[in-house]
Amino acid sequence: MARDWNGLLAYTTVKCVKIRNWKLGAIHYFFQFAIFCYVVIYAVLYERGFMYKEQIIGGSLTLNSKAPSAGAESSYCCGADVGCPVANDTSRLPCAYWDEYQAEYPPSQSKEIAVTTRATVTRQTTLAECTYQSWDETCVWTEGASAAQFVDRAEGYTIRIRHGVRGQVVNKQGVNTGKNAMSGSLIDPNDPTTSILSWPNNNSPLPGQSSDDRTGDIIPLSDILAAVDVNLDAMYLDEDGGLSNMRYDGINIVISVLYEMEGIAGSTLKYTYIPRLLDNLEYKIEETQLLGAPNVRDVLNRHCVRLIFIQTGVIGTFDFTALLITLVTALGLLAVANTLTNLVMTKLLEQKDLYNWHTTEVTEDVDKVLQLPQEEFDARMKMVKMQMQQGKGSFFALDPDNNHLQKPTETEKTPLIGGDESVYHSQEASA
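Rules of the game
- Along each chain, residues carry numbers from 1 onward, in the same order as the chain's sequence is written.
- Totals for whole chains, interfaces and linings use all residues, but because this is a predicted model, local features are given only for residues with pLDDT of at least 70 and pairs of side-chain atoms are given and counted only at 80 or more.
- With hydrogens and water stripped out, all remaining heavy atoms of the structure feed into the side-chain values.
- For the purposes of this analysis, a disulfide is any pair of cysteine sulfur atoms at a distance within 2.5 Å.
- The rule is simple: take the accessible area with a 1.4 Å probe, protein chains only, and divide by the maximum for that residue type; under 20% is buried, over 50% is exposed, in between is partly exposed.
- A run of DSSP states H or I qualifies as a helix once it reaches four residues; a run of E qualifies as a strand once it reaches two. Both are numbered from the N-terminal end.
- By definition, two strands form a pair when at least two bridges between them are found by DSSP.
- Working rule for helices: expected span equals 1.5 Å times residues minus one.
- Any two residues whose heavy atoms approach within 4.5 Å at even a single point are treated as in contact.
- The definition of a polar contact used here is a pair of N or O atoms within 3.5 Å, where within protein one atom must be able to donate a hydrogen and the other to accept one, and adjacent residues in sequence count solely through side-chain atom pairs.
- Each Phe, Tyr or Trp ring (for Trp, its six-membered ring) is paired with any other whose centre lies within 6.5 Å, and the angle between the two planes then decides the class: stacked below 30 degrees, edge-to-face above 60, tilted in between.
- Axis lines are fitted through C-alpha atoms, for helices just across the contact stretch, and the angle between N-to-C directions can take any value from 0 to 180 degrees.
- The cut-offs work like this: below 35 degrees is roughly parallel, past 145 is roughly antiparallel, 65 to 115 is roughly perpendicular, and the gaps in between are oblique.
- Polarity classes work like this: nonpolar for Ala, Val, Leu, Ile, Met, Phe, Trp, Tyr, Cys and Pro, charged for Asp, Glu, Lys and Arg, and polar for all others, with Gly in that last group.
- When the near helix sits turned anticlockwise from the far one by under a right angle, the crossing is termed left-handed; a clockwise turn instead gives a right-handed crossing.
- The set of buried Ala, Val, Leu, Ile, Met, Phe, Trp, Tyr and Cys residues whose side-chain atoms join them within 4.5 Å is what this entry labels a nonpolar core.
- Every definition here rests on a 1 Å grid over the protein atoms only: cavities are sets of points where a 1.4 Å probe fits but cannot get out, pockets are open sets enclosed by protein on both sides within 12 Å along at least five of seven lines, and lining residues have some atom within 4 Å of a point.
- Grid points are joined across faces, edges and corners, and a volume is the space filled by probe spheres set on the points.

A.B. asks: Provide a residue-level description of the state of the cysteines, including the pertinent values.
C.D. replies: Tallying each qualifying case throughout the model produces two disulfides. Note that Cys 130 is cross-linked by a disulfide to Cys 139, the S-S spacing being 2.0 Å. Taking the sign of the torsion about the S-S bond as the criterion, the disulfide between Cys 130 and Cys 139, at about -100°, is left-handed. Here Cys 130 and Cys 139 have matching classes, each one buried.

In structure tokens, the structure reads:
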């Protein structure tokens, strides 16, 4: 018996219905165009869907400060006033001018820096016979006089930031020093379009900085405070119910260093400083200074403006697999255009019944077929197989004698089972 290769290797495909209605066509093409714009403009170009991307989880970042030059005493200082300081008054204290080595503590840290705004100095002593060699439990420190003071012109300190990143898998790097330094900016976190400072720029460089050969970014502390909308002298109720201010208590500011690729190809990097204030969290740190003899020391209770830097961002390089995944996803989204158009056509339009009649084929009631006597059921199944061989649901059937398509004779069509007028068979086929 010869094999029916046409049957074994038959190709199954989808039969389409062409709806001749320009409004539906316009809706369909609109959805396709919107998906095309999303895929090509947003996913592929803007989001760089053709790249393998690597998350930046850290890098090198070093910090140091510089004190402002000497000048007139700040308004929050009261050293020349009689009766200063006033008890329980945290708005005005005697001031001292500290250089960067005194105000910055701990000095020259990586990823964070603290500039002192207020310090309370307490003198402590212990027994004279207590030396490093003879220290024991009897050497108890006794607190003596203490004095609180503000650091004069604290907002005038400048912070120099030198940083860089590189990928572990992606072979790209960027630094903010040297002749090929990255471009960068300090922005207002409440308005990302507002740039407070930018590098490089056409303005006169800050001290120690050149637009030709950068030695890092130098940012006045006052600009960082303005970016997070902080006034160190603004009064508020502290946790004990008394009046205080941020200069007295200290604050924490988290600064994200966000690295981004420039251009569609992303061949160079840029960065953005985004500062944000940690609300309701003061910052203090204590330092001990020995005064010559081991039995005398000063304890400095420092309250500072603390800056915490976090490096983050994404870098990438061209990857064919990533592009292929993006395009395959796009093909899946194109099917959404058909689904949305069909939903509008069959559920929302006034002519939805007509469109349903053209696009939906209803079978006979299967439950009624299963309830037929066995002999009639077998006859119906034989007829269904004949219809499948001759072309189900078509006005043209395959003529087995001459193996070409022919139109059946115009015979009266009757339902397979009464009650469902939508499914018919030819009397000629059942004869």
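Okay, back to it.
A.B. asks: Go over unusual backbone geometry, please, and point to the residues and values.
C.D. replies: Along the chain, Tyr 105 connects to Pro 106 via a cis peptide bond; the corresponding omega equals -15°. Along the chain, the position of Pro 106 falls in the loop between α3 (100–103) and β4 (112–125). A cis amide bond links Trp 199 to the next residue, Pro 200, at an omega of -15°. For Pro 200, the location among the structural elements is in the loop between β10 (191–199) and β11 (214–215). Not every positive phi belongs to a glycine, and Lys 111 is a case in point at roughly 80°. Within the fold, Lys 111 resides in the loop between α3 and β4. Look at Lys 111 and you get partly exposed, because its relative accessible area is 26%. Positive phi, normally seen in glycine, also occurs at Arg 153, with a value near 55°. Residue position: Arg 153 is located in the loop between β5 (142–151) and β6 (158–166).

A.B. asks: Talk me through the pairing of β5; I want residue IDs and the actual numbers.
C.D. replies: With two bridges connecting them, strand β3 (residues 95–96) and β5 associate as parallel partners. When the sheet's bridge partners are listed, Cys 95 is paired in β5 with Phe 150. For β4 and β5, the ladder comprises seven bridges, and the chain directions are antiparallel. Across the sheet, the residue bridging to Thr 122 is Ser 146, located in β5.

A.B. asks: Break down the pairing of strand β12 (residues 217–220) for me, with residues and values.
C.D. replies: Taking every second residue as pointing to the same face, both faces of β12 are buried, with Asp 217 and Ile 219 on one and Ile 218 and Pro 220 on the other. In terms of strand pairing, β6 meets β12 through four bridges, oriented antiparallel. Bridging from a neighbouring strand, Thr 158 pairs with Pro 220 of β12.

A.B. asks: Give a detailed account of helix α6 (residues 320–348), specifying residues and quantitative values.
C.D. replies: Here α6 is 29 residues long and its end C-alpha atoms lie 42 Å apart, about the 42 Å a rise of 1.5 Å per residue gives. Tucked into the core, α6 has its buried residues touching α2 (22–46), β1 (51–56) and α7 (352–359).

A.B. asks: Describe the side chain of Arg 153, and please don't skip the residues or the numbers.
C.D. replies: You can call Arg 153 buried: its relative accessible area is 14%. A distance of 2.6 Å separates a polar atom in the side chain of Arg 153 from a polar atom in the side chain of Asp 152. Setting aside residues up to four positions removed in sequence, Arg 153 forms contacts with Pro 68, Ser 69, Ala 70, Gly 71, Ala 72, Glu 73, Ser 74, Tyr 76 and Tyr 97.

A.B. asks: How would you explain the packing of aromatic side chains if you had to name every residue and give the values?
C.D. replies: The tally for this structure, following the rule as stated, stands at eight aromatic pairs. When the centroid spacing of 5.5 Å and the interplanar angle of 25° are considered together, the rings of Tyr 38 and Tyr 42 count as stacked. Taken together, the residues Tyr 38 and Tyr 42, both in helix α2 and four residues apart, mark about one turn of the helix. A residue is classified by how much of its surface remains accessible, and Tyr 38, at 43% relative accessible area, is partly exposed. For Tyr 42, a relative accessible area of 38% puts it in the partly exposed group. For the ring pair Tyr 42 and Tyr 46, a centre distance of 5.7 Å and an interplane angle of 25° mean the geometry is stacked. You can see Tyr 42 and its partner Tyr 46 sitting in helix α2, four residues apart, about one turn around the helix.

A.B. asks: Any chance you could break down the packing of α6 against α7 for me, citing the residues and the numbers?
C.D. replies: Each pair of packed helices can be summarised by the angle the axes make with each other and by the distance between the axes. Contact geometry for α6 and α7: axes closest at 6 Å, N-to-C directions at 120°. As judged from the angle between their axes, α6 and α7 are oblique. When α6 is examined against α7, the residues Met 345, Thr 346 and Lys 347 are found in contact with a partner set consisting of Lys 352, Tyr 355, Asn 356 and Thr 359. Across the contact of α6 with α7, the residue classes break down as two nonpolar, three polar and two charged.

A.B. asks: Lay out the packing of α2 against α6 in plain terms, naming residues and giving numbers.
C.D. replies: Closest axis-to-axis distance for the α2/α6 pair is 9 Å, and the angle between their directions is 155°. The orientation of α2 relative to α6 falls into the category roughly antiparallel. Here the hand of the crossing between α2 and α6 comes out right-handed. Of the residues in α6, those in contact with Leu 24, Ile 27, His 28, Phe 31, Gln 32, Ile 35, Tyr 38, Val 39, Ala 43 and Val 44 of α2 are Thr 326, Ala 330, Leu 333, Leu 334, Val 336, Ala 337, Asn 338, Leu 340, Thr 341, Val 344 and Met 345. Residue classes in the contact of α2 with α6 are distributed as 16 nonpolar, five polar and no charged.

A.B. asks: Could you give me a rundown of the nonpolar core, with the residues and numbers involved?
C.D. replies: Nonpolar side chains in soluble globular proteins tend to be buried together. One finds Ile 253, Tyr 273, Leu 307 and Phe 309 to be the most contacted residues of the largest nonpolar core, which totals 48 residues. Among the elements that make up this core, the one with the highest residue count is strand β15 (residues 251–262) (six residues). Among the nonpolar cores identified, the runner-up in size contains six residues, and Cys 77, Cys 95, Phe 150 and Ala 154 belong to it.

A.B. asks: Residue-level account of the layout of surface pockets, with values.
C.D. replies: Size it by volume and the second largest pocket reaches roughly 490 Å³. Lining the second largest pocket are 16 residues; nearest its centre among them are Val 17, Ile 19, His 28, Thr 341 and Asn 342. Contributions of two or more residues to the lining of the second largest pocket are made by α2 and α6. With five residues, α2 is the single largest residue contributor to the lining of the second largest pocket. Tallied by class, residues from the lining of the second largest pocket come to eight nonpolar, seven polar and one charged.

Structural measurements only, silent on function.
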